[in-house]
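Geometric and topological summary
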Amino acid sequence: MGLLTGFENVVRRNEPLAMHVWFQLGGHAEYYAEPENTDQLVELVHRCHDEDVEMRLLGQGSNILVRDEGVPGMVFHLSAPAFCGIRIEGRSIIAGGGALLGRTVTTAVHRGLAGLESLIGIPGTVGGALHGNAGTRSGNIGQWTIHATVLTGAGEICQRAGDELVFGYRQSSLDDLAILDAGCELEEDDPQDLARRMQKQWIIKKASQPMGHQSAGCVFKNPRGASAGELIDRAGLKGTRIGGAVVSDRHANFIVAEPECTSQDVLRLIDLIRNQVRDRMGMELELEMEIW
Ligand code: EPU
């Protein structure tokens, strides 16, 4: 049996990834699968595992730069309804790994459950948010998360809770192939009050960060005790351009891709920023964005 036998409707070959990522840049995936349910996903993972085919999981593509060469092997995308459910149980919200973080946040707020409202405006899926422990100065998703169901690269479904859930600054112990769902335990609060707090966060974010489809969140992590955006700004790099890649004028820790941009332009701009910040500010910057 071939790798794709029986999955012809679910897997595409040579899929351009640019249309699946916010930067709208980068090459192709050798295989691109949108399974309809967990059984199909598990079966495909088993086959890839048996045949040593590399596997990656793509959420909304809001924190990823795909190289112009593209990626070998299989890219999974969990956009089918089976992976995107959101439900409330008492004070908990349980969301599929493919559910949008934004929808999860607003669902909790409308039900009068507090905790996630500061995450409003962060793009991406719940799985992506947990993988990188998405957050703001006011909080992160990990601090509310009490369990997660993951799928390993060997095709095994496991529950993670307690000691197995460790969240740090933009990192987490959830680094298996896929996060299938996760539960957050929240606090009861007045829905109208909460909605007001959420709107305030949204306005602050819109005023301080570029919003749109040609960038991908903060490029670098904040070094301990400092802000990457401020360092890049003080190094005089706002507006610096390589090809079609430009350091955002609005927030220096964002790179905006103009229409003629390539991934190589972004990678060269990342190198330039790192070198200049090292030379002028004496600080090392570490990537937050993931590069494929
Ligand atoms: N600043 C500048 N110039 C700039 C950008 C920022 O001087 O171009 C200054 C600001 O004036 C402020 C300080 O730097 O005094 C911090 O800026 P900001 O409040 O925008 O926060 P940040 O540290 O740059 C972090 C997260 C953001 C998150 C915001 C708000 C990281 C790498 N960034 O940014 O998260 O939205 O706080 O809570 O942790 C992300 O992780 O992708 C992201 C965008």
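An account of the accompanying structure is given in this report. (Residues numbered from 1 in each chain as written. Predicted model: local features only at pLDDT ≥ 70, side-chain atom pairs only at ≥ 80, totals over all residues. Heavy atoms only, no water.)

**Thoughts on the sheet that holds strand β17 (residues 241-242)**
- Spatially, the 3 strands line up as an open sheet ordered β17-β18-β19, and their pairing is antiparallel. The open sheet is flanked by β17 and β19 (255-257), the only strands paired with a single partner.
- Most of the contacts of helix α6 (residues 263-281) go to strand β18 (residues 245-247), to which it runs at about 30°, and overall it touches β17, β18 and β19. (Pairing = 2+ DSSP bridges. Helix = DSSP H or I, 4+ residues; strand = E, 2+ residues; numbered from the N terminus. Contact = heavy atoms within 4.5 Å. Axes fitted to C-alpha atoms, helices over the stretch in contact; angles between N-to-C directions.)

**Quick look at α6**
- End to end, α6 covers 26 Å across 19 residues, agreeing with the expected 27 Å (1.5 Å per residue, within 8%).
- Looking only at α6, the buried set comprises Ser-263, Asp-265, Val-266, Leu-267, Leu-269, Ile-270, Ile-273 and Val-277.
- At its buried positions, α6 is contacted by β4 (64-65), α5 (228-234), β17, β18, β19 and β20 (290-291). (Expected span 1.5 Å × (residues − 1). Buried < 20%, exposed > 50% of the residue type's maximum accessible area, 1.4 Å probe, protein only.)

**A look at the environment of Gly-236**
- Here Gly-236 lies in the loop between α5 and β17.
- Spatially, the C-alpha atoms of Gly-236 and Glu-34 are 43 Å apart, while their sequence positions differ by 202 residues.

**Things to note about the pattern of salt bridges**
- All told, the structure shown has 16 salt bridges when counted by the stated rule.
- In this structure, Arg-56 engages Glu-54 in a salt bridge whose closest nitrogen and oxygen atoms are separated by 3.0 Å.
- The partly exposed category is assigned to Glu-54, whose relative accessible area is 42%.
- Put simply, Glu-117, Asp-189, Asp-193, Arg-196 and Arg-197 are held in one network by salt bridges that share partners. (Salt bridge = Lys/Arg side-chain N within 4 Å of Asp/Glu carboxyl O.)

**A word on unusual backbone geometry**
- In this structure, Gln-24 takes a positive phi of about 55° despite not being glycine.
- With respect to the secondary-structure elements, Gln-24 resides in the loop between β1 (11-16) and β2 (28-33).
- With relative accessibility at 52%, the residue Gln-24 sits in the exposed group.
- Unusually for a residue other than glycine, Arg-170 sits at a positive phi of about 50°.
- Judged by its relative accessible area of 22%, Arg-170 falls in the partly exposed class.

**Section: the side chain of Asn-253**
- With respect to the helices and strands, the residue Asn-253 is situated in the loop between β18 and β19.
- On the basis of relative accessibility, which here comes to 2%, the residue Asn-253 falls in the buried class.
- Among residues more than four places away in sequence, those in contact with Asn-253 are Gly-217, Cys-218, Val-219, Phe-220, Asn-222, Ala-228, Gly-229 and Ile-232.

**A short note on the site of the ligand**
- Residues in contact with the ligand amount to 20 residues; listed here are only the nearest, Arg-137, Tyr-169, Cys-218, Asp-233 and Glu-288.
- Here an oxygen atom of the ligand and a side-chain polar atom of Tyr-169 are 2.6 Å apart.
- Take Glu-288: an N or O atom from its side chain is 2.8 Å from an oxygen atom of the ligand.
- Here the ligand has 820 Å² of accessible area as a free molecule, and 74% of this is covered by the chains.
- If you tally residues by element for the shell around the ligand, the top one is α5, at 3 residues.
- Per-class residue counts for the shell around the ligand are 5 nonpolar, 8 polar and 7 charged. (Near = heavy atom within 4 Å. Polar contact = N/O pair within 3.5 Å; in protein donor to acceptor, adjacent residues only side chain to side chain. Areas by Shrake-Rupley, 256 points an atom, 1.4 Å probe, with all protein chains shown as cover. Nonpolar A, V, L, I, M, F, W, Y, C, P; charged D, E, K, R; others polar.)

**Focus: the side chain of Ser-248**
- Considering the arrangement of structural elements, one finds Ser-248 in the loop between β18 and β19.
- Only 3.0 Å separates the side chain of Ser-248 from the backbone nitrogen of Arg-250, close enough to count as a polar contact.
- If we ignore the near neighbours within four places in the chain, the residues touching Ser-248 are Pro-210, Lys-238, Phe-254 and Val-256.

**Thoughts on the packing of aromatic side chains**
- What the rule picks out here adds up to 0 aromatic pairs.
- The ring of Trp-292 has Arg-56 lying over it, and the distance from NZ or CZ to the ring centre is 5.6 Å. (Phe/Tyr/Trp six-rings, centres within 6.5 Å; stacked < 30°, edge-to-face > 60°. Lys NZ or Arg CZ within 6 Å of the ring centre and 35° of its normal.)

**Describing the environment of Gly-139**
- Within the secondary structure, Gly-139 is located in strand β10 (residues 139-140).
- Along the sequence, Gly-139 and Ala-82 sit 57 residues apart, while their C-alpha atoms lie 29 Å from each other.

**What about the state of the cysteines?**
- Summed over the entire model, instances satisfying the criterion amount to 0 disulfides.
- A disulfide-free cysteine, Cys-84 has its sulfur positioned 16 Å from the sulfur of Cys-184, the nearest such atom.
- Cysteine Cys-158 is unpaired, with the sulfur of Cys-48 as its nearest cysteine sulfur at 18 Å. (Disulfide = S-S within 2.5 Å.)

**Some details on the packing of helix α2 (residues 101-110) against helix α4 (residues 191-208)**
- Contact pair α2 / α4: the axes reach a minimum separation of 8 Å and the direction vectors enclose 145°. Across the interface between the two elements, Val-105, Thr-106, Val-109 and His-110 of α2 pack against Pro-191, Leu-194, Ala-195 and Met-198 of α4.
- Residues belonging to the contact of α2 with α4 are distributed by class as follows: 6 nonpolar, 2 polar and no charged.

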